[in-house]
Amino acid sequence: MLLGVNIDHIAVLREARQIADPDPLDALSIVNRAGADQITIHLREDRRHIRDNDAENIVRLSMLPINLECATAPEIINIVTDLKPHRATIVPEKREEVTTEGGLAVTGEQKALRKAIDKFHNNEIEVSLFIDPTQESIEAAQELGAEWIEFHTGKYANIYAMLYGNLSHTPYKIPELDLPRATLKEMLRNELKTLQNLSHDAVGMGLRVAAGHGLNYHNVKEIVEIETIEELNIGQCIIARSVYTGLEQAILDMRALMLR
Ligand code: PXP
């Protein structure tokens, strides 16, 4: 199973002080040495973490493929097209959110998505769409010609955290906290079943399937068991652990959990 390490969170720390350290560029060789398969970064419209020159240097210097997340704003699409990363993952963006809260509204945004996807394809950049796990989203992704979909696993991670305590993942949105355990267990089973069935369907439709958001050292094992999910993109928990263990060890720990 492939691992993309999202290194935005290194830039979040840098931006807290608005100085030069820590530089996400320094992570490239460590992520590579630790055996990850891809570096993921998100160039947000508000540039709250990764900046244009980070993205430029990372794409230019990385030995691993770069998965560049972006919204459909024309300015950003143009930058990504010029940078020519290996893959562009189109994500929804809201200025007020702390992190990407859900998948793309694929069916409601067909025109903007089609324009962005065509532009990426014309520049030999493969495309992934970050979507909620729904049948209509995978059908729309296939219709739009994306090579990949990435399932937003935030709901799964939230249910997991509510069921097993907060562990290392603080849910970014806390729905009804005091649901009975049996209900939460049922919700978790259903969400996993949905992810499993839809990734199976998506692969049958010729799509490649990734997943990410809120995955951590505790909740990843059930996701790893879904064989049709080919890749995980994980950021927050790896960078959080790296504060104590170093980045290489934090990635090795995650890699070990992802062995099938
Ligand atoms: N995949 C996508 C498309 C994302 O936007 C994010 C969040 O930056 C991730 C994966 C990684 O999520 P997390 O930081 O919660 O591991």
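Residues numbered from 1 in each chain as written. Predicted model: local features only at pLDDT ≥ 70, side-chain atom pairs only at ≥ 80, totals over all residues. Heavy atoms only, no water.

A. Inspection of the site of the ligand at higher detail. Not every one of the 13 residues close to the ligand is listed here, only the nearest: Glu69, Glu150, Gly214, Gly235 and Gln236. Between the ligand and the protein, one listed contact pairs a nitrogen atom with a side-chain N or O atom of Glu150 at 2.5 Å. Starting from 390 Å² of accessible surface for the ligand in isolation, the protein chains cover 95%. When grouped by side-chain class, the residues that make up the shell around the ligand number three nonpolar, eight polar and two charged. (Near = heavy atom within 4 Å. Polar contact = N/O pair within 3.5 Å; in protein donor to acceptor, adjacent residues only side chain to side chain. Areas by Shrake-Rupley, 256 points an atom, 1.4 Å probe, with all protein chains shown as cover. Nonpolar A, V, L, I, M, F, W, Y, C, P; charged D, E, K, R; others polar.)

B. View of the packing of helix α10 (residues 236-245) against helix α11 (residues 247-257). Packing of α10 against α11 leaves a shortest axis separation of 7 Å and a crossing angle of 130°. Relative to α11, the element α10 is oriented oblique. Helix-helix and strand crossings are classified by hand; for α10 and α11 the assignment is right-handed. Contacts between α10 and α11 involve Cys237, Ile238, Ile239, Arg241, Ser242 and Thr245 from the first element and Leu247, Gln249, Ala250, Ile251, Asp253 and Met254 from the second. Taken together, the residues that form the contact of α10 with α11 break down as seven nonpolar, three polar and two charged. (Axes fitted to C-alpha atoms, helices over the stretch in contact; angles between N-to-C directions. Helix = DSSP H or I, 4+ residues; strand = E, 2+ residues; numbered from the N terminus. Parallel < 35°, antiparallel > 145°, perpendicular 65-115°, else oblique. Left-handed = near helix turned anticlockwise from the far one by under 90°. Contact = heavy atoms within 4.5 Å.)

C. Examining the pairing of strand β5 (residues 126-131) more closely. Taken across its six residues, β5 has six buried, putting it largely inside the fold. Burial along β5 is two-sided: the face carrying Glu126, Ser128 and Phe130 and the face carrying Val127, Leu129 and Ile131 are both buried. Here strand β4 (residues 87-90) pairs with β5 via four bridges, running parallel. Its bridge partner lying in β5, Arg87 is registered against Glu126. When β5 meets strand β6 (residues 148-152), the two strands line up parallel, connected through four bridges. Along β6, the bridge assignment pairs Phe130 with Glu150. For the crossover that starts at β5, traverses helix α6 (residues 135-144) and ends in the parallel β6, the hand is right-handed. (Buried < 20%, exposed > 50% of the residue type's maximum accessible area, 1.4 Å probe, protein only. Pairing = 2+ DSSP bridges. Right-handed = clockwise from strand over helix to strand, strands pointing away.)

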